[in-house]
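Descriptive structure summary
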Amino acid sequence: SIERQLLLFLSFFLAFGIKIPMVPIHLWLPEAHVEAPTGGSVILAGILLKLGGYGFLRYTLPLFSEAVLFYTPLVHTVSLLGILYASFTTLRQIDMK
């Protein structure tokens, strides 16, 4: 049913959004990069963060096709906010690690 797809899509979107990480559920990422050694940050950024995007594309889109159409404006809005947030925080960055 469409109601079930909508609920499951939101659940998967939240889970993969935390893993990607997307704004506003990205708060674990800066702490993880600061606390990790340089090699750990490379593995985190190079491999682990990509798994969230892969999982979203591989599982969420094919499983919940009707819900994807319904939530496309939400996904676009959250993505645009993430781009703007990252751009503005980059201007203030002082730690280049």
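Residues numbered from 1 in each chain as written. Predicted model: local features only at pLDDT ≥ 70, side-chain atom pairs only at ≥ 80, totals over all residues. Heavy atoms only, no water.

1. Observations regarding the overall build of the protein chain
Tallying secondary structure elements over the protein chain gives 4 helices and 0 strands in all. Start at the N end of the protein chain and walk to the C end: the helices and strands fall as α-α-α-α. Principal-axis analysis of the C-alpha atoms places the extent of the protein chain at approximately 50 × 25 × 15 Å. Counting across all 97 residues of the protein chain, residues that qualify as buried make up 27%. Considering only residue pairs separated by 6 or more positions, the protein chain has 72% of its internal contacts joining residues 24 or more positions apart. (Helix = DSSP H or I, 4+ residues; strand = E, 2+ residues; numbered from the N terminus. Buried < 20%, exposed > 50% of the residue type's maximum accessible area, 1.4 Å probe, protein only. Contact = heavy atoms within 4.5 Å.)

2. Digging into helix α1 (residues 2-19)
Its 18 residues place the ends of α1 25 Å apart at the C-alpha level, agreeing with the 26 Å of an ideal helix rising 1.5 Å per residue. Taken residue by residue, α1 has Gln5, Leu6, Phe9, Phe13, Phe16 and Gly17 as its buried positions. One face of α1 carries all of its buried residues, which in axial projection span an arc of 110°. Away from the buried face of α1 by more than 90 degrees, exposed residues Glu3, Arg4 and Leu7 are located. Looking at the buried residues of α1, the elements they touch are α3 (38-63) and α4 (65-91). (Expected span 1.5 Å × (residues − 1). Arc of directions from axis to C-beta.)

3. Observations concerning a nonpolar patch on the surface
On the surface, a nonpolar cluster with roughly 350 Å² of combined accessible area is contributed by Ile43, Ile47, Leu48 and Leu51. The topology assignment puts Ile43 in helix α3. (Patch = residues over 30% accessible without salt bridge, like charges linked within 9 Å, V, L, I, M, F, W, Y side chains within 5 Å. Areas by Shrake-Rupley, 256 points an atom, 1.4 Å probe, with all protein chains shown as cover. Salt bridge = Lys/Arg side-chain N within 4 Å of Asp/Glu carboxyl O.)

4. Here we look at the nonpolar core
The tendency in soluble globular proteins is for nonpolar side chains to be buried side by side. Core analysis: the largest hydrophobic core is formed by 12 residues, namely Leu6, Phe9, Phe13, Phe16, Met22, Phe56, Phe64, Ala67, Val68, Tyr71, Val75 and Val78. Those elements giving two or more residues to this core turn out to be α1 and α4. Per-element tally for this core: the top contributor is α4, with 5 residues. Apart from the residues lying within four places of it in its own chain, the contact partners of Val68 are Phe9, Thr60 and Leu61. (Core = buried A, V, L, I, M, F, W, Y, C linked by side-chain atoms within 4.5 Å.)

5. Structural notes on the environment of Arg92
Relative to the helices and strands, Arg92 is located in the segment after α4. Take Arg92: its relative accessible area is 71%, and that puts it in the exposed class. For Arg92 and Ala67, which are 25 residues apart along the polypeptide, the C-alpha to C-alpha distance reads 37 Å.

6. Topic: the environment of Tyr71
Residue position: Tyr71 is located in helix α4. According to the relative accessible area criterion, Tyr71 is buried, its value standing at 13%. Spatially, the C-alpha atom of Tyr71 lies 8.7 Å from that of Leu10, the residues being 61 residues apart in sequence. Among all residues touching Tyr71, those that are not within four sequence positions of it are Leu6, Phe9 and Leu10.

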